[in-house]
Amino acid sequence: MPLSEHEQRMLEQMERALYAEDPKFATALEGSGLRTYTRRRVYQAVAGFLVGIALLMAGMVAKQVWLSVVGFLVMLGCAVLAVTGWRKAPKPGEQVAGGGGHQARRQSRQRRSMMDRIEQRWQKRRDEQGGH
């Protein structure tokens, strides 16, 4: 669930206060936790994928179809986790989303203007249908 504009402003104010009070600590916290978490998640998914391959091969050798299916499902699940974790990981030096960056504000403005256009079209259609 995205933050409201008021909550985003409050978060930005708290971040600015943290940077003003202790810039070294704020810089140390800036996104490193999320990068570490996503990197660890991707590594775990790769390890799980390898376990899935081992299960698939073991099922083929033992001629147990169910074991091969389980191995394939483990591989598929881990591949999905790895890809989603890789896409969500912030690049080095990039601010975490919700960090009050220019890009986040621009995207929210674009979403808002798109929603305004959709609402205007909907209202126009309702008016046209009601007039006939």
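This is a predicted model, so every value here is computed, not measured.

Digging into the overall build of the protein
Next up, step 1: Each helix and strand in the protein was counted, giving 5 helices and 0 strands.
Next up, step 2: Listing every helix and strand of the protein by position from the N terminus yields α-α-α-α-α.
Next up, step 3: For the protein, the proportion of contacts with a sequence separation of at least 24, taken over those separated by at least 6, is 55%.
Next up, step 4: Split by element, the accessible area of the protein, about 10,800 Å² in all, is 63% carbon and sulfur.

What to know about the UniProt feature "transmembrane region" (unreviewed entry) in the protein
Next up, step 1: In the UniProt entry, the feature "transmembrane region" (unreviewed entry) is given for residues 42-60 and 66-86.
Next up, step 2: A helix fraction of 100% and a strand fraction of 0% characterise residues 42-60, whose end C-alpha atoms lie 27 Å from each other.

Structural notes on unusual backbone geometry
Next up, step 1: Unusually for a residue other than glycine, Lys-63 sits at a positive phi of about 55°.
Next up, step 2: Examined against the element boundaries, Lys-63 turns out to sit in the loop between α3 (32-61) and α4 (65-88).
Next up, step 3: For Lys-63, a relative accessible area of 72% puts it in the exposed group.

Some points on the environment of Gly-85
Next up, step 1: The residue Gly-85 is located in helix α4 in this model.
Next up, step 2: For Gly-85, a relative accessible area of 1% gives the class buried.
Next up, step 3: C-alpha of Gly-85 to C-alpha of Thr-38: the two residues are 47 residues apart in sequence and 5.5 Å apart in space.
Next up, step 4: When neighbours within four sequence positions are excluded, Gly-85 is seen to be in contact with Thr-38 and Val-42.

So, the environment of Val-80
Next up, step 1: Its place among the elements puts Val-80 in helix α4.
Next up, step 2: Once the C-alpha coordinates of Val-80 and Ala-45 are considered, the two residues, 35 residues apart in sequence, prove to be 8.4 Å apart.

Regarding the side chain of Ser-68
Next up, step 1: Counting through the fold element by element, Ser-68 comes out in helix α4.
Next up, step 2: A distance of 3.3 Å separates a polar side-chain atom of Ser-68 from the backbone nitrogen of Met-60.
Next up, step 3: Other than its neighbours up to four places away in sequence, Ser-68 contacts Leu-55, Leu-56, Gly-59 and Met-60.

A look at the confidence of the model for the protein
Next up, step 1: Predicted confidence across the protein gives a mean pLDDT of 76, with 67% of residues reaching 70 or more.
Next up, step 2: By mean pLDDT, helix α2 (residues 23-29) is the weakest element of the protein at 68, and α4 is the strongest at 87.
Next up, step 3: Low pLDDT (under 50) marks residues 95-100, which in the prediction has 10 contacts with non-local residues, meaning those over four places away or in another chain.

Conventions used here
- Residues numbered from 1 in each chain as written.
- Predicted model: local features only at pLDDT ≥ 70, side-chain atom pairs only at ≥ 80, totals over all residues.
- Heavy atoms only, no water.
- Helix = DSSP H or I, 4+ residues; strand = E, 2+ residues; numbered from the N terminus.
- Contact = heavy atoms within 4.5 Å.
- Areas by Shrake-Rupley, 256 points an atom, 1.4 Å probe, with all protein chains shown as cover.
- UniProt positions renumbered as here; feature names shortened; annotations may be inferred.
- Buried < 20%, exposed > 50% of the residue type's maximum accessible area, 1.4 Å probe, protein only.
- Polar contact = N/O pair within 3.5 Å; in protein donor to acceptor, adjacent residues only side chain to side chain.
- pLDDT = per-residue confidence, 0-100.

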